[in-house]
Every structure is written in structure tokens, then in C-alpha cells.
Amino acid sequence: MSLTPRQRVLVAMSGGVDSSVAAARLYEGGHEVVGVTLHLWDYPEPDGDGRGRCCAPEDQYDARRVADALGFAHYTFDRRELFARTIVQPFVDAYLAGETPSPCAACNRGVKLAELFSLADRLGADLVATGHYARILRSPSGIPHLAMGTDRAKDQSYFLYASPTHWLERLVFPLGDSTKGEVRAEALQRRLPGANKGESQELCFVGNRPNAYADFVAERARDRVRPGPIVDETGAVIGSHDGVHRFTIGQRRGLGVATGRPTFVTEIEASSGTVHVGGPDSLLTSGAELADVSLAEGVSLPVRAQVRVRYRHKGDAATIVPSRSHEARLLFDAPVRAITRGQIAVFYEGERVLGGGVITKPR
């Protein structure tokens with residue numbers, strides 16, 4: 001989106017390279033930048049487990065260093081209780097229910113952007129900027145709509161699908177037309193603090209140790225975790241497990257069973273604790289039911305779209321129609337692999353985001 005000179009812009013700063021370059025571009029473009037870091041999570045002492053650089057308290061210091069180096073104000077706001085209540089606990093509950101949640105989408109919608117707009121109003125900022133790789137384009141009538149970032153490998157429009165029009169009117173994505181390589185090179189050229197910092201993890205509060213997700217859930221679920229059987233396509237018990245939170249649809253490794261052929265998790269029944277496995281054909285699904293559906297302004301159902309059912313999914317052609325039992329139903333032109341409860345389905349028309357919803361039931 002185009003900015004008029006000398007607007008006050010609240011910039012979300014995680015302490016990472018992307019948000020630092022976003023802030024630098026706006027500041028050197030003549031805008032009144034106010035840097036804001038949300039303190040979302042506390043970790044134990046560093047143990048080299050590869051935790052993501054998004055919520056870590058030490059990154060508050062890095063964000064402030066960038067603001068000090070460039071010469072604009074920076075503030076940190078404590079939102080740990082909100083993050084734990086609205087993101088972490090539902091994340092744990094979802095895994096115990098046999099789902100695979102998308103906490104990054106929920107966090108952008110319910111914590112980060114919601115809080116940033118509230119803070120922008122308090123601090124008198126006209127606009128809110130983030131380091132996301134996404135763009136905001138306008139229709140011929142001037143309506144803003146969310147679109148993919150130019151760098152398709154880093155595109156983050158998937159996680160922002162539920163941003164309402166009144167947010168898009170005030171959102172700025174300074175990196176939307178850039179590639180990650182260009183941003184990294186610019187950070188080094190500008191000699192920004194933390195320019196050599198590594199990539200942040202997709203899920204910042206868990207880490208990337210072996211079994212990190214399952215261990216994180218188990219630590220917080222405690223007596224809610226229970227063992228159960230692993231059964232094949234015929235219903236025969238071929239193994240056992242110590243909790244459904246250790247599985248996701250399409251998983252092949254770490255099943256603890258040997259069948260002599262490629263075997264994948266095809267269904268998770270949390271109520272009975274049963275994990276179903278089968279061959280690759282068992283993962284193919286022709287559609288899904290959706291809840292909590294958000295549609296871009298001017299979009300109504302039914303609609304044709306390319307639909308991504310997980311972040312790294314390139315998308316498949318589908319029709320999204322109203323559903324009597326749910327808010328919407330996906331009908332794919334051809335079967336799609338490993339559609340998973342709890343994940344987000346996002347609808348695209350070319351590079352434009354039409355909307356999305358939470359997958360509640362593959363069909």
C-alpha cells in the first residue's frame with residue numbers, strides 16, 4: 001500500500017532480521033516509527049534446543065538495539081497471559097483431541113495483530129507494519145485485499161487469511177515485494193544489530209528438538225494423556241501408543257509398528273484413543289467440512305479457488321460451498337492427500353486471498 005509522507009507507523013519488532021529491515025525502510029522513508037515488541041512467552045534457561053526467535057525475551061533486547069541504532073522509540077508490552085490462554089492451552093487441547101492445530105494463524109489473528117491495532121490506537125499511530133512476506137493490493141474500486149508475497153518460498157499470506165478489511169486498510173507489509181535474500185543482504189548492508197541472526201522457527205514456543213511437539217503437550221497435559229491401540233485397515237490391533245498427541249494425519253515415521261510396507265496415520269480417534277494406519281491411498285480425501293470461515297470483502301459462497309490445506313501445500317482446485325452441518329464445505333476436483341482436522345484451508349484466486357476456515361472433518 002502507498003504511504004503518505006510522515007505518517008506515524010507502529011512497527012511490530014520481534015528482534016529478527018525481517019521486522020528490523022521493515023522498520024528501517026519505514027524510518028528512512030521519512031515516517032514516524034514506533035517500535036513495539038510483544039512479550040509472549042518465557043523459556044527455561046537456554047539449552048540449545050533451537051527454539052524459534054519470535055517470542056523469546058532475549059529478542060526484546062535485540063529489537064530495542066535496532067530501534068536505538070536507527071533512532072526511534074521502542075516499547076515492550078507484556079502479553080504472556082493472553083498468549084498462554086488463547087494460543088498455548090488451545091494448542092495442547094487440540095493435540096489431545098486428535099487434531100493438528102495451526103497456532104501461527106490463530107496468534108496473528110487473536111493476539112499479535114489484534115493487540116498491535118489496539119496499541120496503535122493508544123499511541124496515535126495511523127498504520128501498523130509487520131515483517132510478514134505478504135502484500136495488500138487494491139481492487140479497481142479501492143478495496144484492499146490480502147495477496148501473496150513476491151517471494152513464494154517465504155509467503156505468509158496463509159497465516160493472515162482472516163485479516164478483516166478494516167485491518168487491511170491500515171496494514172503495511174514493507175517486505176511484500178522483496179525476497180528473503182534481498183532482506184538479509186539489506187540488513188547486512190545497513191549493519192543492523194542481529195543481521196546475522198538465524199531463521200526463526202515456524203512455531204516459536206515449542207522448539208525443534210526430536211519429539212518437541214509431543215513432549216511439549218505431554219508436559220502440560222499430564223494426567224489427560226492415555227495410551228491406546230494402533231489398528232490397521234481391517235481393524236486388527238498391530239501395536240500400541242502412549243498418547244494420540246504423538247500423531248498427525250499422514251505421519252509415517254515413529255509409529256512404533258512394522259507392517260512391511262509404507263504405512264501412514266490415516267485417522268485419530270481421540271475418544272477411544274485409537275490410531276488408525278493404512279497405505280498411501282487411505283490418505284486421499286475428496287473434501288472437508290470447515291468452521292470459523294472468514295471471507296474477503298465481496299466474496300460469497302459458492303466460489304471456485306485454489307485451496308491450500310496446510311502451509312506448505314501448493315494448493316488444489318476446489319469449489320467451496322455452503323454446508324448445512326458446518327459453515328462451508330470443500331469439494332476438490334481431485335482427491336487431496338492428508339487433509340487434517342485443526343489445520344487451516346485458505347482459498348486463493350491467483351495471488352489474492354479469498355478467505356479460509358478451520359478444517360473440522362475430512363470427507
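Residues numbered from 1 in each chain as written. Predicted model: local features only at pLDDT ≥ 70, side-chain atom pairs only at ≥ 80, totals over all residues. Heavy atoms only, no water.

K.L.:
Run through unusual backbone geometry, naming residues and quoting values.
P.N.:
Here the residue pair leucine 301 and proline 302 is connected by a cis peptide bond, since its omega of 0 degrees sits within 30 degrees of zero. Mapping proline 302 onto the fold places it in the loop between β12 (284–295) and β13 (303–308). Despite not being glycine, arginine 191 has its phi angle at roughly 60 degrees, a positive value. Phi is positive for alanine 338, close to 60 degrees, though the residue is something other than glycine. Note that alanine 338 resides in the loop between β15 (328–337) and β16 (344–349). Judged by its relative accessible area of 7%, alanine 338 is buried. (Helix = DSSP H or I, 4+ residues; strand = E, 2+ residues; numbered from the N terminus. Buried < 20%, exposed > 50% of the residue type's maximum accessible area, 1.4 Å probe, protein only.)

K.L.:
Any details on the nonpolar core? Residues and values, ideally.
P.N.:
Counting 52 residues, the largest nonpolar core has Phe83, Phe91, Leu171, Phe205 and Phe216 as the members making the most contacts within it. Tallying contributions element by element places helix α4 (residues 103–122) first for this core, with nine residues. Counting 24 residues, the second-largest nonpolar core is a separate cluster that includes Ala23, Leu26, Leu175 and Leu192. (Core = buried A, V, L, I, M, F, W, Y, C linked by side-chain atoms within 4.5 Å.)

K.L.:
An account of the sheet that holds strand β3 (residues 73–78) is needed here, citing residue identities and associated values.
P.N.:
Reading across from one edge, β3-β2-β1-β4-β7 is the order of the five strands in this open sheet, with parallel pairing throughout. Two strands in the sheet have a free side with no partner beyond their single neighbour: β3 and β7 (171–172). Bridge count for strand β4 (residues 127–129) against β7 is two bridges, and the pairing is parallel. Paired with alanine 129 across the bridge in β7 is valine 172. Contacting β1 (8–12), β2 (32–39), β4 and β7, helix α1 (residues 17–28) runs over the sheet at an angle of about 170 degrees to β1. (Pairing = 2+ DSSP bridges. Contact = heavy atoms within 4.5 Å. Axes fitted to C-alpha atoms, helices over the stretch in contact; angles between N-to-C directions.)

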